[in-house]
Amino acid sequence: MEIEALQMTPVRMHATSHLGETQQPEEVKGFADYLKDALKKVNALQLESDRQNALLAAGRVEDISQVVVASQKAEMALQLTLQLRNRATSAYQEIMRMQV
């Protein structure tokens, strides 16, 4: 008498769950992706400020406060970006000075 090997097939769940176990996991964003997104937002604020200034120069702006707000948003975003860059550079230099 010959003994055959068991044919095992993987079990798959086909039912939907109200707890969310069957949902596909969300894609995890890395640090580089967050950094790129943040820089794109800062760039968009700068471009909007430039656009508002061009409209002001052309005389197409009714409310000057819109131009000032767009300019201040761009300035604050740029200052924050520069401070983050400075802190990251400082941290990198500090790590490089450590002796192993």
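Anything mentioned here points back to the structure above.
Everything numeric here is computed off the predicted structure, so don't read it as measured data. Every chain's residues receive numbers from 1 upward, in the order its sequence appears when written. For a predicted model such as this one, the threshold for reporting local features is a pLDDT of at least 70, and the threshold for listing and counting side-chain atom pairs is 80 or more; totals across whole chains, interfaces and linings nevertheless cover every residue. Excluding hydrogens and water, the side-chain values take into account all heavy atoms of the structure.

Engineer: Would you explain the overall build of the protein in this entry?
Structural biologist: Scanning the protein for helices and strands turns up two helices and zero strands. Using a 1.4 Å probe on the protein chains alone, a residue whose accessible area is under 20% of its type maximum counts as buried, one over 50% counts as exposed, and one in between counts as partly exposed. Burial analysis of the protein (100 residues in total) assigns 8% to the buried set. Computed by Shrake-Rupley with a 1.4 Å probe, the accessible areas treat only the displayed protein chains as cover when residues are assessed. Counting every atom, the protein has about 9,800 Å² of accessible surface; 58% of that belongs to carbon and sulfur. Helix and strand assignments follow DSSP, with helices taken as H or I runs no shorter than four residues and strands as E runs no shorter than two, numbered in order from the N terminus.

Engineer: In this structure, what is going on with a nonpolar patch on the surface? I would like to understand it.
Structural biologist: Grouping into patches uses exposed residues only, defined as over 30% relative accessible area, and leaves out salt-bridged ones; the cut-off is 9 Å for like charges and 5 Å for nonpolar side chains (Val, Leu, Ile, Met, Phe, Trp, Tyr). Any carboxyl oxygen of Asp or Glu that lies within 4 Å of a side-chain nitrogen of Lys or Arg is treated as forming a salt bridge with it. A cluster of nonpolar side chains, namely Tyr92, Ile95, Met96 and Met98, defines an oily patch on the protein surface of about 490 Å² accessible area. Mapped onto the elements, Met98 comes out in the segment after helix H2 (64-97).

Engineer: Just checking my understanding: could you explain helix H1 (residues 31-58) for this structure?
Structural biologist: Given 3.6 residues per turn, any residue in an α-helix points the same way as the ones three and four places further on. Here the expected span of a helix is defined as 1.5 Å times the quantity of residues minus one. Given a rise of 1.5 Å per residue, 28 residues ought to cover 40 Å, and the 41 Å separating the end C-alpha atoms of H1 matches this to within 8%. Of the residues making up H1, those classed as buried are Val42, Ser49 and Gln52. Residues of H1 that are buried in the fold lie against H2. A positive backbone phi angle near 80° is found at Gly59, which sits one or two residues after H1. The contact rule is simple, with two residues in contact once any of their heavy atoms fall within 4.5 Å.

Engineer: Help me out: how do you make sense of the pattern of salt bridges in this one?
Structural biologist: If charged atoms from side chains of opposite charge come close, those side chains can pair. Taken as a whole and judged by the stated rule, the model has three salt bridges. Close ionic contact of Asp37 with Lys29 constitutes a salt bridge, the shortest N to O distance being 2.5 Å. The exposure class of Asp37 is partly exposed, given its relative accessible area of 29%. A relative accessible area of 36% means that Lys29 is categorised as partly exposed. Note that Arg97 and Glu94 form a salt bridge whose closest N and O atoms lie 3.5 Å from each other. Remark: Glu94 and Arg97 occur in helix H2; sequence separation between them is three residues, near one turn of the helix. Taking relative accessible area as the criterion, Arg97 reaches 55% and is therefore assigned exposed.

Engineer: Sorry, what's going on with the environment of Ser49 here?
Structural biologist: Within the secondary structure layout, Ser49 lies in helix H1. Counting along the chain gives 19 residues from Ser49 to Val68, while the straight-line C-alpha distance between them is 8.5 Å. Once residues lying within four places of it in the same chain are set aside, the contact partners of Ser49 are Ala70, Ser71 and Ala74.

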